[in-house]
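# Notes for the structure review
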Amino acid sequence: MAECLFCGIASGAIPGDIVYRDESLLAFRDIDPKAPVHLLIIPRKHIASVMELGTGDGATLGHAMEVARQLATENGLSESGFRLVVNCGPDAAQSVDHIHLHLLGGRALGWPPG
Ligand code: DGP
């Protein structure tokens with residue numbers, strides 16, 4: 001089976017514009033940005049989707065929120081606002097089967113999403 005794309009970015013086998021890394025998480029710029037700031041925050045551990053979360057993954061997701069706050073602040077979004085999105089499955093148009101938190105900001109974002 002081919003290696004997961006985001007596992008490849010996490011391991012360094014596939015290039016990525018990485019903006020944050022620690023022992024459990026990685027954040028990098030989305031290759032097809034939908035806003036002036038569009039970052040993806042992923043666990044290093046391969047988890048295909050929200051539906052595959054297991055006991056013990058909650059701490060990593062909580063940490064992802066903390067990292068999102070830090071990155072939003074570093075990117076000047078703390079006052080203007082930003083959106084955090086996790087797509088899950090076909091109806092949400094999840095296209096990469098490695099759970100990821102989108103951080104979008106730098107423009108007014110419409111609601112509801114399409
Ligand atoms: P989603 O639709 O929620 O599965 O979002 C997947 C995102 O991943 C999408 O916004 C585009 C991004 N993406 C796909 N391939 C690559 C890649 O090779 N590198 C980077 N940096 N982002 C990618």
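Preceding this section is the structure that the text describes.
Residues numbered from 1 in each chain as written. Predicted model: local features only at pLDDT ≥ 70, side-chain atom pairs only at ≥ 80, totals over all residues. Heavy atoms only, no water.

Let us look at a nonpolar patch on the surface. A cluster of nonpolar side chains, namely Val 50, Leu 53, Leu 61 and Val 86, defines an oily patch on the protein surface of about 260 Å² accessible area. Within the secondary structure layout, Val 50 lies in the loop between strand 3 (37-43) and helix 2 (58-74). (Patch = residues over 30% accessible without salt bridge, like charges linked within 9 Å, V, L, I, M, F, W, Y side chains within 5 Å. Areas by Shrake-Rupley, 256 points an atom, 1.4 Å probe, with all protein chains shown as cover. Salt bridge = Lys/Arg side-chain N within 4 Å of Asp/Glu carboxyl O. Helix = DSSP H or I, 4+ residues; strand = E, 2+ residues; numbered from the N terminus.)

Another point: the site of the ligand. Among the 15 residues in the neighbourhood of the ligand, the closest are listed as Asp 30, Asn 87, Ser 95, His 100 and His 102. Separating an oxygen atom of the ligand from a side-chain N or O atom of Asn 87 is a distance of 2.8 Å. Within the backbone of Ala 93, an N or O atom sits 2.9 Å from an oxygen atom of the ligand. Contact with the protein chains removes 84% of the 510 Å² of surface that the ligand exposes when unbound. (Near = heavy atom within 4 Å. Polar contact = N/O pair within 3.5 Å; in protein donor to acceptor, adjacent residues only side chain to side chain.)

A separate point is the pattern of salt bridges. According to the stated counting rule, one finds three salt bridges in the structure shown. Among the ionic pairs, Lys 34 bridges to Asp 32, the shortest N-O distance being 3.0 Å. For Lys 34, a relative accessible area of 47% puts it in the partly exposed group. Of the residues examined, Asp 32 reaches a relative accessible area of 45% and is grouped as partly exposed. (Buried < 20%, exposed > 50% of the residue type's maximum accessible area, 1.4 Å probe, protein only.)

Structurally, the position occupied by Asp 57 is in the loop between strand 3 and helix 2. Classification of Asp 57 as buried rests on a relative accessible area of 6%. Within the structure, the side chain of Asp 57 is placed 2.7 Å from the side chain of Lys 45, a separation counted as a polar contact. Other than its neighbours up to four places away in sequence, Asp 57 contacts Lys 45, Ile 47 and Glu 52. (Contact = heavy atoms within 4.5 Å.)

Take the sheet that holds strand 5 (residues 101-105) next. For sheets, the rule is that strands pair by backbone hydrogen bonds, running either parallel or antiparallel. What the five strands build is an open sheet, ordered 1-2-3-5-4; its pairing is antiparallel. The sheet is open, and its two borders are formed by strand 1 (18-21) and strand 4 (82-85), each paired with just one other strand. On average, adjacent strands in this sheet sit at an angle of 20 degrees to one another, irrespective of strand direction. With four bridges connecting them, strand 4 and strand 5 associate as antiparallel partners. Counterpart to Arg 83 in the pairing with strand 5 is Leu 104. Of the strands in this sheet, strand 1, strand 2 (25-29), strand 3, strand 4 and strand 5 are in contact with helix 2, which crosses strand 3 at around 155 degrees. (Pairing = 2+ DSSP bridges. Axes fitted to C-alpha atoms, helices over the stretch in contact; angles between N-to-C directions.)

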